[in-house]
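Listed below are the residues making up each chain.
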Amino acid sequence: MTEHLSAAPTGKPTSYSRVTLSKIMTAVDVNLYGTVHGGVLMKFVDDVAGAAAARHSGGTAVTAAIDEIVFSEAVRVGDLVHAHAQVNWTGQTSMEVGVRVVAERWDSAEDAPVRVATAYLVFVGVDVGGAPRAVRPVLPETAEDERRYKEAEIRRAHRLARRRAIQAHRAG
């Protein structure tokens, strides 16, 4: 009887996972203050991060956590918004995806895009039955990719430490 051991997935460079989605914001996207609702941007962030995670992992990947999202500038109706995502770090079954969101202002199109949000999300690769599956390693290519990888490890350590501290507190 011959055993077939599954080999670890071959790694992919950071650039392989990079995805950009773009959208013009319209009146249906606004909140009561006349700016684009944060929830609209959160869905946009999740969509682009999911595309990057699926591309990198070679299959279905689901959102496990939104580690952080920071809104730095308001987005307005008419702005052309670009969400740029890449896989920053990989574990056995999980990945951190970083997202940078910029807006081209409709009324000043010649100006440089304005950074409006940044986010870090955790995705888990899943098989057809919904169980976690191995994801291939990410291979940082540049000094910037290395920095992002190391910072992702710090964020992961903080998430795990926070979870342990809360569980210990609840246990009494």
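Residues numbered from 1 in each chain as written. Predicted model: local features only at pLDDT ≥ 70, side-chain atom pairs only at ≥ 80, totals over all residues. Heavy atoms only, no water.

K.L.:
Could you give me a rundown of the UniProt feature "domain: HotDog ACOT-type" (unreviewed entry) in the protein, with the residues and numbers involved?
P.N.:
If you check UniProt for "domain: HotDog ACOT-type" (unreviewed entry), the listed places come out as residues 15-129 in our numbering. A distance of 29 Å separates the end C-alpha atoms of residues 15-129, which is 20% helix and 44% strand. (UniProt positions renumbered as here; feature names shortened; annotations may be inferred. Helix = DSSP H or I, 4+ residues; strand = E, 2+ residues; numbered from the N terminus.)

K.L.:
Residue-level account of the sheet that holds strand E6 (residues 114-125), with values.
P.N.:
Ordered by their spatial adjacency, five strands build an open sheet running E2-E4-E5-E6-E3, and the pairing between neighbours is antiparallel. Only two strands of the sheet have a single partner each, and these edge strands are strand E2 (19-24) and strand E3 (61-71). Averaged over all pairs of adjacent strands, the angle between their axes in this sheet comes to 20°, without regard to strand direction. Judged from the ten bridges that link them, strand E4 (residues 80-90) and strand E5 (residues 94-104) form a sheet pairing that is antiparallel. Directly across from Ala83, in E5, lies its bridge partner Val101. Each of E2, E3, E4, E5 and E6 touches helix H2 (residues 38-57); the most contacted strand, E4, lies at about 45° to it. Seen against the sheet, helix H3 (residues 143-171) touches E3, E4, E5 and E6 and runs at an angle of roughly 75° to E4. (Pairing = 2+ DSSP bridges. Axes fitted to C-alpha atoms, helices over the stretch in contact; angles between N-to-C directions. Contact = heavy atoms within 4.5 Å.)

K.L.:
For the side chain of Thr14, give the residues involved together with the corresponding values.
P.N.:
Here Thr14 lies in helix H1 (residues 14-17). Those residues within four positions of Thr14 in sequence are excluded, and the remaining contacts are Gln86, Val87, Val138, Leu139, Pro140, Glu141 and Asp145.

K.L.:
Please set out the nonpolar core residue by residue, giving values where relevant.
P.N.:
The nonpolar side chains of a soluble globular protein tend to be buried with one another. Counting residues in hydrophobic clusters, the biggest one holds 28 residues, and the most contacted among them are Val97, Val99, Val101 and Phe123. Mapped onto this core, the elements with two or more residues apiece are H2, E4, E5 and E6. Broken down by element, this core gets its largest block of residues, seven residues, from H2. Not counting residues up to four positions away in its chain, the partners in contact with Val97 are Ala49, Ala52, Ala53, Ala85, Gln86, Val87, Asn88, Ala119, Tyr120, Leu121 and Phe123. (Core = buried A, V, L, I, M, F, W, Y, C linked by side-chain atoms within 4.5 Å. Buried < 20%, exposed > 50% of the residue type's maximum accessible area, 1.4 Å probe, protein only.)

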